[in-house]
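Residues per chain, in single letters:
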Amino acid sequence: MSRHPPVKWAQRSDEVYITVELPDAQDVKLKLEPEGKFYFSATTGAEKIPYEIDIDLFDKVDVNNSKVSVGSRNIFYLVAKAEDKWWDRLLKQGGKPPAFLKVDWDKWVDEDDEVDEDGKMGADMDFGNFDLSKLSLGGGEEMDTEATNNADDDESDTEDEVTGQTSIDNEADTKEKVDGSPSSAPEAKA
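Residues numbered from 1 in each chain as written. Predicted model: local features only at pLDDT ≥ 70, side-chain atom pairs only at ≥ 80, totals over all residues. Heavy atoms only, no water.

Asker: Tell me about the packing of aromatic side chains, and please be specific about residues and values.
Answerer: Following the criterion strictly, the structure yields 6 aromatic pairs and no others. With 5.4 Å between their ring centres and 90 degrees between their planes, Trp9 and Trp108 make a pair best called edge-to-face. Placement of the pair is Trp9 in strand 1 (residues 7-11) and Trp108 in the loop between strand 8 (101-103) and helix 1 (145-153), with a sequence separation of 99 residues. For Trp108, a relative accessible area of 24% gives the class partly exposed. Through successive ring pairs, a cluster of aromatic residues spans Trp9, Trp105 and Trp108. Just above the ring of Trp86 sits the side chain of Lys81; from NZ or CZ to the centre is 5.7 Å. (Phe/Tyr/Trp six-rings, centres within 6.5 Å; stacked < 30°, edge-to-face > 60°. Helix = DSSP H or I, 4+ residues; strand = E, 2+ residues; numbered from the N terminus. Buried < 20%, exposed > 50% of the residue type's maximum accessible area, 1.4 Å probe, protein only. Lys NZ or Arg CZ within 6 Å of the ring centre and 35° of its normal.)

Asker: Talk me through the environment of Asp27; I want residue IDs and the actual numbers.
Answerer: Mapped onto the elements of the fold, Asp27 is located in strand 3 (residues 25-32). Spatially, the C-alpha atoms of Asp27 and Ala42 are 5.2 Å apart, while their sequence positions differ by 15 residues. Setting aside its immediate chain neighbours within four residues, Asp27 contacts Ser41, Ala42, Thr43 and Lys48. At a separation of 3.3 Å, a polar atom in the side chain of Asp27 contacts the side chain of Thr43. (Contact = heavy atoms within 4.5 Å. Polar contact = N/O pair within 3.5 Å; in protein donor to acceptor, adjacent residues only side chain to side chain.)

Dropping the structure here:
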């Protein structure tokens, strides 16, 4: 019975990268069909232990523009897609992928992070002369950075924060607010 070697994969809009991690692979055989059928077999070690992968890729592929590189540590396949589009997954069947199949995060690029032929990021990522300073980010007032920086320097807790007790001054303010008379309430700042 054949074993499954560890397989990593990543994609771009026009190609899929498949890396079979099988050191010292011998008798490597690959079959790639236009419908997306991917077959790999090899042996390794002095005992000639057989390894095999037989999967159906998500969509059709371009067999003529696909390439393979057999190294001493792994076998790398660059599989050209028949159509330039992002696949939802590597395999045609849905559900949980097999345990031997993992995402190759070293090669992975998100769809919106892909660099196009002009060297620009993503098709919808051209912001032109976009200036963040022109945005109104709320608040309505300019921030006093000096006061904010000084407030951040004091990391000690006050007695009120630690014990939950209120000071005598705060109790007087509370009584004025409860009184309800508009003349005794402190003025609100704009």
